[in-house]
Amino acid sequence: MTFGATHDRNRHRTFGQLARALGTTMLACLLAPGALAADNPGRPWSHEMRDYAARSLKDDHALSVAAVPLNGPGIEQYVNADQPMSPGSIMKLVTTYAALEILGPTHRWDTDVLTDGQILGDTLKGNLYVRFGGDPKLTLERLWSTLRELRGMGITRVDGHLVLDGRYFQLEGFPPFEDNGDNPYAPFLVEPSAYLTNLNLLHFQVRADERGTQAWVTPALPEIRIDNRVTALPEGPCPGRSRFEWTPLFHGDQNVTVRVTGELPQGCRTTTYLSLLPHEQYSASLIRSVLSEIGITLTGAGMTGPTPEDARLLTRTTSPDLVTMVRDINKWSSNVMARQLLLTLGAEHREEGEHDDRVTGIRVIYQWLERKGINTAGMVIDNGAGLSRHGRLTARQGIQILQHAWNSPYAADLMASMPIIAMDGTMARRLRNTGLDGLGRIKTGYLENVRSIAGFTRDENDTTWAVVGMVNNDPAWNGQAVLDRVLYSLHFRPPTGTAISKASPESGPDRAIQ
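Quick summary incoming for the structure in this document. All of these numbers come straight from a predicted model, not from anything done at the bench.

### Things to note about the packing of aromatic side chains
Inspection of the entire model under this criterion finds seven aromatic pairs. Ring plane angle 70° and centroid distance 5.8 Å describe the contact between Phe132 and Tyr195, whose orientation is recorded as edge-to-face. A residue pair is termed long-range when its members are at least 10 positions apart, and Phe132 in the loop between β6 (128-131) and α4 (140-152) and Tyr195 in the loop between β8 (162-165) and β9 (202-209) qualify at 63 residues. On the accessibility criterion, Phe132 (4% relative accessible area) is buried.

See the structure below:
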């Protein structure tokens, strides 16, 4: 991979910083005292939102919103609510809510370690099989703890091969996603796989001290080398991550050298995460590395293949429950975990003649939605994470899903997984010091030309609203401020009283009954 010139990257960073600064300034203006008072108090709320979005985004159709009161006074609000929009990561709410009801909150994933050989003294004579079960978050720590049990059994040597069995998923490939960034190895681009371990990530770190700079990677795999060209400086302010360049160089022997450049004051460190190896290679190398660390020598090669029917179970690791996984997915918007969850829905409900768990998982979700009476026409799930240029959802569909979720037996589990306004997850830095801290649980979405929100928020009367908002615009950098305005206005000027309000150009003239 050849990266662009330094001045191009700097230009992109400068534009991003400017966009964030402008967005912050715009939000401050939007939410300043008196900003809402300037609106016409007699106009329907949806009209105000639509008109504001039209002024900010220069497009009458760039904003789609639906807001519905759930447990108190209020009037349903719709703005372009039947217009299919690219939803970004709020699509994860569809996948995780479906999984809670279809798989159940206590669903877990097993990863088994088996053998077809015999233990003679301290030697296992036979192959070591790892049978994967689609675990979305099989971490290094869990692998270490599980494989450590082999050492506890007195095994110090395996005379055989390491065989990875990834048949849990059946796949026919994934729709391509054309990312607009300059880092194809970024964590958010990791694809799902039955062989997934440790999110397929390598954690690189560099630290400066009196000796100079030291660089290392976790896990320490033999295929990965670091060419550390970071210069140590005297003590001073620690620079941001963007001041360092990480360039992977791929070799014909399946090894990778990562060159890192930059300047680092003493006492500071910099870090990054990259995904550089195919899943099978990464997982085999990780398992072999852990075995070596705990004192077990593996004499054979690493390969993929089926586990024999008569293989004996040696040990097993069982994942945390689905509720825990859903929280990880929604709080920090994990694409690979959401996509892994969609594949699990497919694998667990595969019917005769079906050979692609992604497609089967989508079928299962559509059928589940239709049983609830939700019209799925125009909806495109694609991969379950929203990391797609093809995904589509209307605000009306989204709000109907949230209404059902509010009444679900697992409503508390889904809501607890969503970022809290101004406090944690992807909402940690949004709407701070506006009076909304902690008053909503909102899943966010972000793609090029896409910004979105979906979740639950309270108004000043303590009524909880389900809200879905999507901005599709070129550019959409100020879309976040528009959606924050929706949340702010819904709290401080909730549409209550006797009005019925719609603002959906595609359904005919706007109507307001006072």
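### Brief notes about the packing of helix α3 (residues 91-102) against helix α6 (residues 322-332)
Packing of α3 against α6 brings their axes to within 10 Å, and their N-to-C directions diverge by 175°. Relative to α6, the element α3 lies roughly antiparallel. Of α6, the residues touching α3 (which contributes Lys92, Leu93, Thr96, Ala99 and Leu100) are Leu322, Val323, Val326, Ile329 and Asn330.

### Describing the sheet that holds strand β19 (residues 450-458)
Spatial strand order, β2-β1-β20-β19-β18: five strands in an open sheet with antiparallel pairing. Each edge of the sheet is formed by a strand with only one pairing partner; in this case those strands are β2 (77-79) and β18 (440-447). Strand-to-strand twist across the sheet, computed as the mean angle between neighbouring axes with direction ignored, equals 5°. In terms of strand pairing, β18 meets β19 through eight bridges, oriented antiparallel.

### Remarks on the packing of helix α2 (residues 45-57) against helix α11 (residues 479-492)
At a minimum axis distance of 10 Å, the contact between α2 and α11 shows a crossing angle of 160°. One element, α2, and the other, α11, form an angle in the roughly antiparallel class. The handedness of the crossing between α2 and α11 comes out as right-handed. Across from Trp45, Met49, Tyr52, Ala53, Ser56 and Leu57 in α2, the residues of α11 making contact are Gly479, Val482, Arg485, Val486, Ser489 and Leu490.

### Remarks on unusual backbone geometry
Residue Pro219 is bonded to the preceding Thr218 through a cis peptide linkage, with omega at -5°. The residue Pro219 is located in the loop between β10 (212-218) and β11 (224-233) in this model. A positive phi angle, close to 65°, is found at Ala422, a residue other than glycine. Within the element layout of this structure, Ala422 appears in the loop between α10 (411-416) and β18. A positive phi is found at Asp462, a non-glycine position, where the angle reads about 70°. Note that Asp462 resides in the loop between β19 and β20 (464-472).

### Section: α4
In this model α4 runs 18 Å from its N-terminal to its C-terminal C-alpha over 13 residues, within 8% of the 18 Å that 1.5 Å per residue would give. Of all the positions in α4, only Leu140, Arg142, Leu143, Thr146, Leu147 and Leu150 are classed as buried. Projection of α4 onto a plane perpendicular to its axis shows the buried side chains occupying an angular sector of 165°, all on one side. Structural note: α4 exposes Glu141 and Gly152 on the side pointing more than 90 degrees away from its buried face. Turning to α4, the residues buried within the fold contact β3 (110-115), β6, β10, α5 (279-293) and β17 (312-318). Taken from the residues just after α4, Gly154 is the one with a positive phi, measuring 90°.

About the thresholds
Residues numbered from 1 in each chain as written. Predicted model: local features only at pLDDT ≥ 70, side-chain atom pairs only at ≥ 80, totals over all residues. Heavy atoms only, no water. Phe/Tyr/Trp six-rings, centres within 6.5 Å; stacked < 30°, edge-to-face > 60°. Helix = DSSP H or I, 4+ residues; strand = E, 2+ residues; numbered from the N terminus. Buried < 20%, exposed > 50% of the residue type's maximum accessible area, 1.4 Å probe, protein only. Axes fitted to C-alpha atoms, helices over the stretch in contact; angles between N-to-C directions. Parallel < 35°, antiparallel > 145°, perpendicular 65-115°, else oblique. Contact = heavy atoms within 4.5 Å. Pairing = 2+ DSSP bridges. Left-handed = near helix turned anticlockwise from the far one by under 90°. Expected span 1.5 Å × (residues − 1). Arc of directions from axis to C-beta.

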